[in-house]
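One letter stands for each residue in the lines below.
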Amino acid sequence: MSTIFAQASAAGKAGVAVVRISGPKAFSAASQLCGSLPAPRQAALRRLRSAPGEVLDEALVLCFSEKASFTGEETVEFQTHGSVAVVNALLAELGTVDGLRLAEPGEFTRRALANGRLDLAQVEGLADLIASETEAQRQQALRLFSGGLGDLAAHWRERLIRASALLTVTIDFADEEVPVDVSPEVLELIAEVQTAMQAQVDGFGAAERIRTGYEVAIVGPPNVGKSTLLNALAGRDAAITSEIAGTTRDVIEVRMELAGLPVTLLDTAGLRETDDTIEKIGVARALERAKAADLRVFLIESNSKPELDPAPDDIVIASKADLSGDKFGAVSGKTGAGVAQLVEQIGAKLSSKTAKAGLATRARHKEAMERCLVSLAEASNRVALGPEFTDIASEELRISLEALNMLIGRVDIENVLDEVFSSFCLGK
Ligand SMILES: Nc1nc2c(c(=O)[nH]1)N(C=O)[C@@H](CNc1ccc(C(=O)N[C@@H](CCC(=O)O)C(=O)O)cc1)CN2
Ligand SMILES: Nc1nc2c(ncn2[C@@H]2O[C@H](COP(=O)(O)OP(=O)(O)OP(=O)(O)O)[C@@H](O)[C@H]2O)c(=O)[nH]1
Ligand SMILES: [K+]
């Protein structure tokens, strides 16, 4: 097993940078640079020197024994001054040490997984946690990282193993008088798992949206004030505004946090019949993106109607509240009147969509659960048919347990690892 190293903190100038070494040679390599190592888990100040004896930096050194580290291997951290030159010199020096090499993205975490420190779902949670930018993303990622899905899977597993054991008793004693009919209990155990698992599958859409973000499209006729409203919501001049109708041609996207949720706000071309070729394309794009968005805000001139039929959840609101004097149900991007209320309204609409979100946050989770549910339905049908179908039911239960193991990466892990780790940063 090679010993790996990488900068764990973000690249660039910073107060402090962290360079991490993990593997069987971590302690010996580190002591080549800093002399005596502090006791594990005790930070100590040391001069880091290159092999010829030049001082590279003065750093805090922190060691973790293989029994108690993030990776499950000997680990040393150098907490240096956050200078690009210091980090580069240190990385170059580590590269010259025999048996050490630069880590691949996600390799520290990969080792934590291999050493049983985390299960696969936790690794996914960790990737999401590092990527999280909003409160909802942070909370969802932390639930997964803390082992929520593994706990659920362990509970389901225990129920299904019990169901399986009950069936085995039936098979083993098939020739004898079985004292009690086990099928009601087996069916109940399966149903319990099915209900809980189906709820997770149903929540996948919402959880995925929290992970990847919601799209909210501002839609309306030319010159109604869409771009001005987008800028007011974004708090910056993201889109060009002008008194010329047909200013916005392409879709303008602004990422922002709204009610703790990740939202991409879309400004679209004003909807109208036009002979202008470019504007026509803009209108077509506006319609397409508006349709695909999670929520539409129809901005209308007061006393008019939206160009499209709003979906039940969509928001219809009059623009230029300052001109119409409409204090309710109107908004002005120019004066800011009604903007806070609109934000609140959008937040409430999106939050109601997130309510179902559970621990299944990736297609991989959903697919494993769906596979499991297919076998459970099959198993339950066979059990209901009578004792002569017990061995087929047993086999279906075994398949469902396999799907469950896949969910948390107990089996068949190799082919999903590259996919899972492809999104990891260097140094994690
Ligand atoms: N400086 C630094 N900060 C960091 C990390 C790190 O590696 N270095 N982390 C890296 O992601 C996170 C903390 N994660 C860690 C997870 C486990 C262990 C660890 O030593 N676990 C041992 C002992 C646990 C204990 O002290 O109770 C174990 O599990 O056996 C350390 C860090 C966030 N902050
Ligand atoms: N009085 C007032 N004027 C506004 C308001 N919002 C926008 N305007 C003005 O209305 C004109 C059009 O605004 P835009 O934001 O460009 O409108 P748009 O809907 O994005 O227009 P298109 O890109 O052409 O579809 C500009 O002159 C704005 O200054 C408002 O709340 N009150
Ligand atoms: K305009």
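Residues numbered from 1 in each chain as written. Chains lettered and ligands numbered in written order. Predicted model: local features only at pLDDT ≥ 70, side-chain atom pairs only at ≥ 80, totals over all residues. Heavy atoms only, no water.

## Let's talk about the site of ligand 2
At step 1: Near ligand 2 lie 23 residues; those nearest to it are K226, S227, T228, G246 and S332.
At step 2: Between an oxygen atom of ligand 2 and a main-chain N or O atom of V224, the distance comes to 3.2 Å.
At step 3: A distance of 3.5 Å separates an oxygen atom of ligand 2 from a polar atom in the backbone of E243.
At step 4: When ligand 2 is considered free in solution it has 650 Å² of accessible area, and contact with the protein chains removes 90% of it.
At step 5: Mapped onto the shell around ligand 2, the elements with two or more residues apiece are helix 9 (226–234) and helix 11 (321–324).
At step 6: Residue contributions to the shell around ligand 2 peak at 3 residues, all from helix 9.
At step 7: Partitioning the shell around ligand 2 into residue classes produces 6 nonpolar, 12 polar and 5 charged. (Near = heavy atom within 4 Å. Polar contact = N/O pair within 3.5 Å; in protein donor to acceptor, adjacent residues only side chain to side chain. Areas by Shrake-Rupley, 256 points an atom, 1.4 Å probe, with all protein chains shown as cover. Helix = DSSP H or I, 4+ residues; strand = E, 2+ residues; numbered from the N terminus. Nonpolar A, V, L, I, M, F, W, Y, C, P; charged D, E, K, R; others polar.)

## Points about the environment of G12
At step 1: Note on placement: G12 falls in the loop between strand 1 (3–7) and strand 2 (16–22).
At step 2: Remark: the alpha-carbon pair of G12 and R211, spanning 199 residues in sequence, is separated by 27 Å.
At step 3: G12 has contacts with G82 and V84, leaving out every residue within four places of it along the chain. (Contact = heavy atoms within 4.5 Å.)

## Observations regarding the site of ligand 1
At step 1: Around ligand 1, the neighbouring residues are R20, R41, F64, K67, A68, S69, F70, E77, Q79, R117 and K428.
At step 2: R20 places a side-chain nitrogen or oxygen 2.9 Å from an oxygen atom of ligand 1.
At step 3: In this structure, E77 approaches ligand 1 through a side-chain N or O atom, which is 2.4 Å from a nitrogen atom.
At step 4: In isolation ligand 1 exposes 680 Å². Once the protein is present, 46% of that is buried.

## Details of the coordination of the potassium ion (ligand 3)
At step 1: For the potassium ion (ligand 3), every protein donor is listed as N223 (OD1), S242 (O), I244 (O) and T247 (OG1), and the spread of their distances is 2.7 to 2.9 Å.
At step 2: Read N to C, the donor residues that coordinate the potassium ion (ligand 3) are spaced as N-x18-S-x1-I-x2-T.
At step 3: By relative accessible area, S242 is classed as partly exposed at 29%.
At step 4: For I244, a relative accessible area of 54% translates into the label exposed. (Donors = N, O, S within 2.8 Å, 3.2 Å for Na, K, Ca; no water. Buried < 20%, exposed > 50% of the residue type's maximum accessible area, 1.4 Å probe, protein only.)

## Points about the pattern of salt bridges
At step 1: Evaluation of the coordinates by the stated rule reveals 23 salt bridges.
At step 2: As a salt-bridge pair, E58 and R47 come within 3.6 Å of each other at their nearest N and O atoms. On the criterion of sequence distance, the pair formed by E58 in strand 4 (residues 55–64) and R47 in strand 3 (residues 44–49) is long-range, its members being 11 residues apart.
At step 3: On the accessibility criterion, E58 (36% relative accessible area) is partly exposed. (Salt bridge = Lys/Arg side-chain N within 4 Å of Asp/Glu carboxyl O.)

## Quick look at the pairing of strand 8 (residues 252–258)
At step 1: Note that strand 8 and strand 9 (residues 261–267) share 7 bridges and pair antiparallel. Residue pairing across strands places V254 opposite L265, the latter belonging to strand 9.
At step 2: Turn length for the strand 8-strand 9 hairpin, with the two strands adjacent in sequence and antiparallel, is 2 residues, and the turn residue A259 shows positive phi of about 50 degrees. (Pairing = 2+ DSSP bridges.)

## Describing the side chain of N231
At step 1: Along the chain, N231 turns up in helix 9.
At step 2: Look past the residues within four positions of N231 in its chain and what remains in contact with it is R236, D237, A238, A239 and T241.

Just geometry here; none of it tells us what the structure is for.
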